[in-house]
Amino acid sequence: MRYAIIGLGKIGTAIAQAFAIQDIEVALAGRRPPEALAALAAQIGPSLVPQRVEDAVKADVVILAMPFAARGDIARAAASWQGKLVIDATNALGVPPEELEGLPSTAAIAKALPGAKLVKAFNHLPAATLAHGATTQQGGRRVIFVSSDDDAASAAVAALADRLGFAPVELGKIAEGGLLIQARGHTWGRLIFQDLARFDPLTWTGIRGRQQDSADKDEVSPDELTGILNSSR
Ligand SMILES: NC(=O)c1ccc[n+]([C@@H]2O[C@H](COP(=O)([O-])OP(=O)(O)OC[C@H]3O[C@@H](n4cnc5c(N)ncnc54)[C@H](OP(=O)(O)O)[C@@H]3O)[C@@H](O)[C@H]2O)c1
């Protein structure tokens, strides 16, 4: 699976950091040529590969992290968008709804990229918050909201968010639950800016991980479990 991020600005950099932490190769492209992105990419991590936009959009999964207004430029950069998974991390705040024919902005992007499977994700947090990474200060997994009219595409992006260490929460269709993470006119969806975290329940493996001396043990007995739980209270 080849990944690309279009736009290495504030939000693109935060997303690129998440890929770098997991050592997942991802192409990066913006208006500037690849040479101009090289220093920043190298600083973030070795799995980031600067490219021209025309090459980056050949990836299987393209993450849009440029201004919403640049969608036409990006649409023209690929010979075909058929079957491509496109993650829309843009926010169209201030764009008059009539300019979008009343559609949520992700649906307007879908119209510009015929055949692409559009998924809204990685757009609901300020870049500075997302840049803190997938784990919150309290140790939970930071929630990433996902919405799409294509259930399989939504599940694929949820799986990617999970692989990056986040806690995906699928909201359903773009014009239904997905409206909670759309900006329309001058209004933010109600889940935008909500920095939420999921705390996974303790598992046998997680509990074992708490034991200083259990590295060579395969199992935890019920008695040991009781001891661990008591000692952690
Ligand atoms: N900043 C946030 O907190 C935040 C949070 C969530 C979502 N968003 C959304 O994310 C998007 C980007 O915001 P940002 O704050 O990251 O903006 P930004 O810092 O200004 O970065 C924009 C990036 O897009 C690239 N770009 C602009 N026009 C382009 C074009 N025609 N073709 C290719 N690349 C182009 C720029 O490339 P060059 O540098 O080469 O010019 C730059 O790397 C916006 O839609 C915004 O609403 C932002």
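Here the structure is a predicted model, which means the values were calculated and not measured.

S.K.: Which parts of the structure should I look at to understand unusual backbone geometry?
M.R.: Excluding glycine, a negative phi dihedral is what most residues carry, and trans is how most peptide bonds are arranged. Unlike most non-glycine residues, Asp23 shows phi in positive territory, near 60°. By secondary structure assignment, the location of Asp23 is in the loop between helix H1 (10-21) and strand S2 (26-29). The exposure class assigned to Asp23 is exposed, which follows from the 9 C-beta atoms found within 10 Å. With a phi close to 80°, Phe193 is a non-glycine residue in the positive phi region. Looking at where Phe193 falls in the secondary structure, it is placed in the loop between strand S10 (187-188) and strand S11 (197-198).

S.K.: Explain the site of the ligand here, please?
M.R.: Near the ligand lie 23 residues; those nearest to it are Gly7, Gly9, Gly30, Met66 and Thr90. A per-element tally of the shell around the ligand places H1 first, with three residues. Looking at the shell around the ligand residue by residue, the classes come out as 12 nonpolar, seven polar and four charged.

S.K.: Would you explain the pairing of strand S8 (residues 167-172) in this entry?
M.R.: Within a regular beta strand, the side chains point alternately toward one face of the sheet and then the other, so they alternate between its two faces. Sheet topology places strand S7 (residues 141-148) next to S8; five bridges connect them, and they run parallel. Bridge assignment links Val143 to a residue of S8, and that residue is Ala167.

S.K.: I tried to follow the pairing of strand S6 (residues 117-121) on my own but got confused; where do I start?
M.R.: Counting buried positions along S6 gives five out of five residues, so the element sits mostly inside the fold. Burial along S6 is two-sided: Lys117, Val119 and Ala121 facing one way and Leu118 and Lys120 facing the other are all buried. Pairing of strand S5 (residues 85-88) with S6 involves four bridges; the strand directions are parallel. From the neighbouring strand, Asp88 faces S6, where its bridge partner is Lys120. You can see the chain leave S5, run along helix H5 (residues 105-112) and come back into S6, and the turn it takes is right-handed. Pairing of S6 with S7 involves three bridges; the strand directions are antiparallel. Within S7, the residue paired with Val119 across the bridge is Ser148.

What counts and what doesn't
- Residues numbered from 1 in each chain as written.
- Predicted model: local features only at pLDDT ≥ 70, side-chain atom pairs only at ≥ 80, totals over all residues.
- Helix = DSSP H or I, 4+ residues; strand = E, 2+ residues; numbered from the N terminus.
- Buried ≥ 20, exposed ≤ 12 C-beta atoms within 10 Å, placed from the backbone.
- Near = placed C-beta within 6 Å.
- Nonpolar A, V, L, I, M, F, W, Y, C, P; charged D, E, K, R; others polar.
- Pairing = 2+ DSSP bridges.
- Right-handed = clockwise from strand over helix to strand, strands pointing away.

These figures capture arrangement, not role.
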